[in-house]
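A structural walkthrough
This is what each chain is made of:
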Amino acid sequence: MADIAHAHRSEPLSGRVAGAAGVTVTPAPAAGRVALRVNPSEAGQLSSILGLALPLSPKTSVTTETGRMALWLGPDEWLLIDASVDAGPHLTSALCEAGVLVSAVDVSHRNTAILVEGAGAQATLESGCPQNLSLTAFPVGACSRTVLGKIEVVILRTGAEAFRVECWRSFSDYAFTFLADAAGDALA
Amino acid sequence: MSGANRIAGKGRLTPARTVRFTFDGQALTAVEGDTLASALIANGIHLTGRSFKYHRPRGMLSAGPEEPNALMDIGRDSARRTPNVRATVQEVFDGMQAKSQNRWPSLSFDIGAVNNLASPMFAAGFYYKTFMWPKAAWKKLYEPVIRNAAGLGVSPSERDPDHYANHHAHCDVLVIGGGVAGLAAALSAAHAGAEVIICDEQPEMGGAFRHETDTTIAGKSGFDWAQAVVAELRAMDNVRVLTRTTAFGYQAQNHVGLVERVTEHLAAPDARLPRERMWQVRARQVVIATGAIERHMVFANNDRPGIMLASAARTFLNHFGVAVGARVGVYTANDSAYNAAFDLKRAGVSIPVIVDVRPQVDAALLARAADLGIEVLTGHAVVDTKGSLRVRSMKVARIGGGGGKDYAIDALIMSSGWTPSVHMYSQSRGKVVWDEASERFLPGVHPQASMSIGACNGTDDLNETIAEAVRAGRESAEKAGVASGGGWAPPAAVAGTSWAGNMMGSGEGAGPDTTVKAFVDFQNDVTAKDIRLAVREGMESIEHVKRFTTNGMATDQGKTSNIHGLAIAAEMLDRPLPKVGLTTFRSPYTPVTFGAIVNHSRGALFDPTRKTPMHDWEAAHGAVFEDVGQWKRAWYYPRTGEDMHQAVNRECRTVREAAGLFDASTLGKIEVVGPDAAAFLNLLYTNSWDKLEPGRCKYGIMLREDGFIYDDGVVGRMAEDRFHVTTTTGGAPRVMHHMEDYLQTEFPHLKVWLTSTSEQWAVIAVQGPKAREIIAPLVEGIDMSSEAMPHMSVREGRICGVPTRLFRMSFTGEAGFEVNVPADYGKAVWEAIWARAEPMGACAYGTEAMHVLRAEKGYIIVGQDTDGTVTPDDAGLNWAVAKKKPDFVGIRGMKRPDLVREGRKQLVGLQTRDPKIVLEEGAQIVADPNQTVPMKMLGHVTSSYWSENCGRSIAMGVVAGGRSLMGQTLYVPMPDRTIEVTVTDTVFIDKQGERLNG
Amino acid sequence: MLLIHCPYCQEERPELEFRNTGEAHIARPADIANISDEAFEVFFFLRDNPKGLTYERWRHIHGCGRFFNAVRDTVSDKFVTTYKAGLPKVAVVRADDGSVRVSDRVEGAGL
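Because the structure is predicted, anything quoted here is derived from the model rather than measured.

Residues and elements named next belong to chain B. Burial analysis of helix α23 (residues 847–856) places 10 of its 10 residues in the buried class, which makes it a mostly covered element. Along α23, the positions that sit buried rather than exposed are Thr847, Glu848, Ala849, Met850, His851, Val852, Leu853, Arg854, Ala855 and Glu856. Those residues of α23 that are buried lie in contact with β32 (624–628), β33 (631–636), α18 (644–657), β34 (660–663), β48 (939–947) and β49 (952–960). Among the residues trailing α23, glycine 858 stands out with phi positive, at a value near 75°.

If you want it as structure tokens, here you go:
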């Protein structure tokens, strides 16, 4: 079987670029992702495997220096994002063997992400997201599953003027087109 | 000179900056900053349209958004055309094309004006009473003719080339209205540290200072002070100033809709700018500072072009530098009209007389009038006017005195007082309260976190207004929890105009003579006698009067007419006005374009279009796509010269003879993980999952609690505590929701979690006798032999070097596999499989062939062969219902009497006597085609195709007692013929299922 | 658009993130397979449609995903309170001015 060519990866938004004065909209690099479910009282036991302590407050996230992120999505639900594209399967098996009751599911390919950055980043998102995204209500590190236009997304604020928008793969065309359209009016 | 009526040295526009526009084809010149209304009046044009019902000539009544008459069709080019635009709001831009509406063939000669002569016919309730019989005539005759004659404006037929934007905005304090009250409140709140949004519908803030020029604040004229405040607000980081922005809807919890007109006033707008911008503001506190709207006087023929509100004339003069006439009559019940008269007189306009209905008038006003040489007649009324296309005279009589004297005029300005604009308060669900002292409705308790200030709150005095506003700004910031130490001290102000004086309802000479037209509502052509008639006919509730007469309905929402109508009704009913009640002010305050409401959601953003990872390959290989929900799915792949039928026949044949590739990625997938995973599935499916070993899969049926089939799909057990559940494409989100509902609220004790993996996996179905041969060489780590991997099993390994969950399963009846790979690899793996499959004679097949192939095997499609009223037994799926389980969703519902009775519709096969006839899906089935209509229908056809593999048509249907009718003949009556069918079982090919094991 | 307080996210969120999922505090009978037709009718088909206070279920479907319960006034459209799924029915009282608040008293065992 040595002659099997390794399948190459086709990312849904590859090659897309958009932006306007004060804001850029770019597809994020591919990443490893795990949908993690665990009783919050046992979440602490996963810290050494994860290399981070799962955030326990609503709308918060943790990001490590190596670029691993844990986003609180619900009281027993987190989205783990790792810069390494292979992290999904590895993390999943490590978590399943942690001796804690968990559900770890590799969703690396389910989601794709779009980075919205610049002075108009917040306004771009506000075109479609009804949540209060001001720095007071949605500070750096805040994250939430919410809506953008007609789709569901997860928004993570990575900087005062930088957001990561995660959505399901087949909605990424809509999300990107929406954000590109909204970017045009961001500095209104 | 841009118009003969432009007065040198008056107004705030720059005369040198001229722009050109056309009105009904006539080329005219305006000054930058003009509204269409001011530009027309500058050019001596008052006649701007015909009225809605009587087609009476009409001109501008107002200078603002309350305008009921001057609705225009405004065009930029053929696609950019908007009907029903207020000439008093629309700013003129170079090249603008304005057209009057509701007239044919021309504005000055309009055939519809015959309605005016025939007006006794058109009294209130006329339509309801007249066009009732015969019933059939309504649709065919009356309605089209009435609609044609009565329509206001014509909607554009071309696609709107502009774009629109939306912003969800959050702030501490939203201030609605940029008059003196709003500006002072905004500045006060902003200095206290609040995030403030202030909006105003005009291009410049200042509110009444656009016309009122006698006031000074902080040593400046009111208007200059307002502009200085705006500049200060704009310079603050915590303030957003929105001009040309109308707050149109006040919803729950301080959610207020604003629409900003971004480019409507520009001759050559930047294409990147949206035409309009929707602001959905969520404010902690709202300050309503919407001012007051002047009312007209209700008297005979009060609607001729040239008759307008006093404040409008003052706005045209003081803001736009335009005189509304050379000889202007004044008819008032309010002090402020005197100031309008004084301003006009000082600008050189002749004021023959001020007619005031009040017997007593403030001596200072009378003295000023005398100083200017203006005659004042107190206790008098204007009882009639003359002039066909423009007012040319008015008749003035002493109240109760009869007779009268004619005055030659070319304009008449009027004021019966000011109505506090409580629209926003009312929309916020506030109940207005009658203030007996000032005889007006004012805001009462604010049901939301808001307050009203200034004229809309009944505060007339300027210094009181400013003090109230400063307090409101401060309090709002405090209530929003953001107030810091800062503040803003109210400036010293000297008011120049009195707003006192109030008259509601019709005056002298407005009836009861039934032929007199004294208009209450100009937009809806409602006269004082219409309201009297409504009351006489028994409409006692003001809501009934409104609907019977249409008073206050439509786009103006009663801004000028409501109070007059109410007063007349109250008089007729002999009840105090507040006892009659006020109709509801509805959103929108002024009309909002569909573009603004839809904003980003047009074209590609109208609805998400979902594509599978293999979409591009499919498109490149000629796939025709069908919409399945939001998904684009490959329907069939026609080769050169093939039509759909031929392509589907070839695809169906090829799958059974060789193999086919099918994109099944859209199937819903849910990962069910946890020690209680099997227990949970036992409760959610009819089947039992305990004995399913890891590595095996099974077809499952999900019911609702009522016992009807909800969804189905194959479930694979990946490990003791991990299942890979599939759902139908359309059912994916609702099945997930349904499962979460039960897990969270009925079975929370179960240790199991659900994760949607629908889009994690691309799914490539490889079906047919050569399926294994095609994929086996690409697969690593899985023994694919029939013994090691029998039908209905699942393995994990690698394909093309990437991880796969490989299912051996079939929705075609052929031996087959479903290759699940991480979605981003889907296209490459598909291509690798295709590279092997094509030379082996396989094809790619689409959803149509998939449907035919599964129907040949009698596999149902939930939602096609079931419709939400089909039980497992009805569908012949009793084998999939576990008999020994104590509980599962639907277990009780299934046993309801109606679900277990004899004679229920059951799914059966149907074969046409003539094998070439393909039944229509949805067609009804009867036992006796010769019975009389309506026939007794036994059921209907659910699935029907031409089956190339069977060499004949095949069909399934639900038929009452169907399984007991095997071999019997039934009939499908169609409009052109009756089709004979035989009832069969539902498997049309390979009845033993031997091919599955191939 | 309403703001709805999610008892799990512990803040008010826009209505667009939520879905109403029907009347609250209707427990699925433990021995559902054996209940009478009448009992099934009551459990499955019969619902209140009050003018005034109503107990209903919501799901923060585009947020934390949790189901929870709410008391809402169908006249004013105002939420009186929201609370986590599985907690007992919250008792509320209407004051003379028509306003509604959560009662200090806990009503029955709840469901």
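With 94% of its residues at a pLDDT of at least 70, chain C reaches an overall mean of 91. Under a pLDDT of 50 for its full length, residues 107–111 of chain C has, in the predicted model, 11 contacts with residues more than four places off or in other chains.

This part takes up the sheet that holds strand β41 (residues 779–780) of chain B. All names here are of chain B. Here 7 strands make up an open sheet; going across it, the order is β41-β42-β43-β44-β40-β34-β45 and the pairing mixed. Of all strands in the sheet, those bounded by a partner on one side alone are β41 and β45 (843–844). Summarising the sheet, strand β40 (residues 761–767) and strand β44 (residues 816–822) pair through 7 bridges and their orientation is antiparallel. Note that in β44 the partner of valine 763 across the bridge is asparagine 820.

A separate point is the domain arrangement of chain A. Residues and elements named next belong to chain A. Looking at the assigned domains, one finds that chain A contains domain 1 (18–29 + 110–183) and domain 2 (32–106). For domain 1 versus domain 2, the separation of C-alpha centres amounts to 22 Å. For the pair domain 1 and domain 2, the two sides together bury roughly 1,100 Å², of which 55% comes from carbon and sulfur. The largest per-residue losses of area from domain 1 upon contact with domain 2 belong to Cys143, Arg145 and Leu156, which jointly make up 42% of the total buried on that side. Scanning the region where domain 1 abuts domain 2 turns up 2 salt bridges. Linking glutamate 77 and arginine 145 is a salt bridge whose minimum nitrogen-to-oxygen distance equals 3.0 Å. Linking domain 1 with domain 2 are 6 residue pairs in polar contact (both at pLDDT 80 or more), by the criterion used here.

What follows concerns the interface of chain C and chain B. Contacts between the two partners involve 27 residues from chain C and, on the opposite side, 27 residues from chain B. Each partner contributes to the roughly 2,300 Å² buried at the junction of chain C and chain B, and carbon and sulfur atoms together form 49% of this total. By the criterion of area lost to chain B, the three top residues of chain C are Met1, Arg28 and Phe67 of chain C, representing 29% of everything that side buries. Across the salt bridge formed by arginine 28 of chain C and glutamate 705 of chain B, the nearest N and O atoms sit 2.6 Å from each other.

What counts and what doesn't
- Along each chain, the written sequence defines residue order, and numbers are assigned to residues from 1.
- The order in which chains are written sets their letters, starting at A; the order in which ligands are written sets their numbers, starting at 1.
- Only residues with pLDDT of at least 70 get local features here, since the model is predicted, and only at 80 or more are side-chain atom pairs given and counted; chain-wide, interface and lining totals rely on the full set of residues.
- Side-chain figures throughout are based on the complete set of non-hydrogen atoms in the structure, without hydrogens or water.
- Only protein chains enter the accessibility calculation, which uses a 1.4 Å probe; a residue whose area is less than 20% of its type maximum is buried, one above 50% is exposed, and one in between is partly exposed.
- Secondary structure elements are defined from DSSP: runs of H or I of at least 4 residues count as helices, runs of E of at least 2 residues count as strands, and each element is numbered from the N terminus.
- Contact between two residues is taken to exist if any of their heavy atoms lie within 4.5 Å; hydrogens are not considered.
- Every residue gets a pLDDT, meaning the predictor's confidence in that residue, from 0 to 100.
- Here, strands pair whenever DSSP counts at least two bridges between them.
- Domain start and end points were adopted from an automatic or database domain assignment.
- Computed with a 1.4 Å rolling probe, the buried area is the accessible surface lost when two parts are put together, summed over both parts.
- By convention in these notes, a salt bridge is any Lys or Arg side-chain nitrogen within 4 Å of a carboxyl oxygen on Asp or Glu.
- Pairing of N or O atoms within 3.5 Å defines a polar contact, subject to two protein rules: one partner must be a possible hydrogen donor and the other a possible acceptor, and residues neighboring in sequence count only if both atoms are side-chain atoms.

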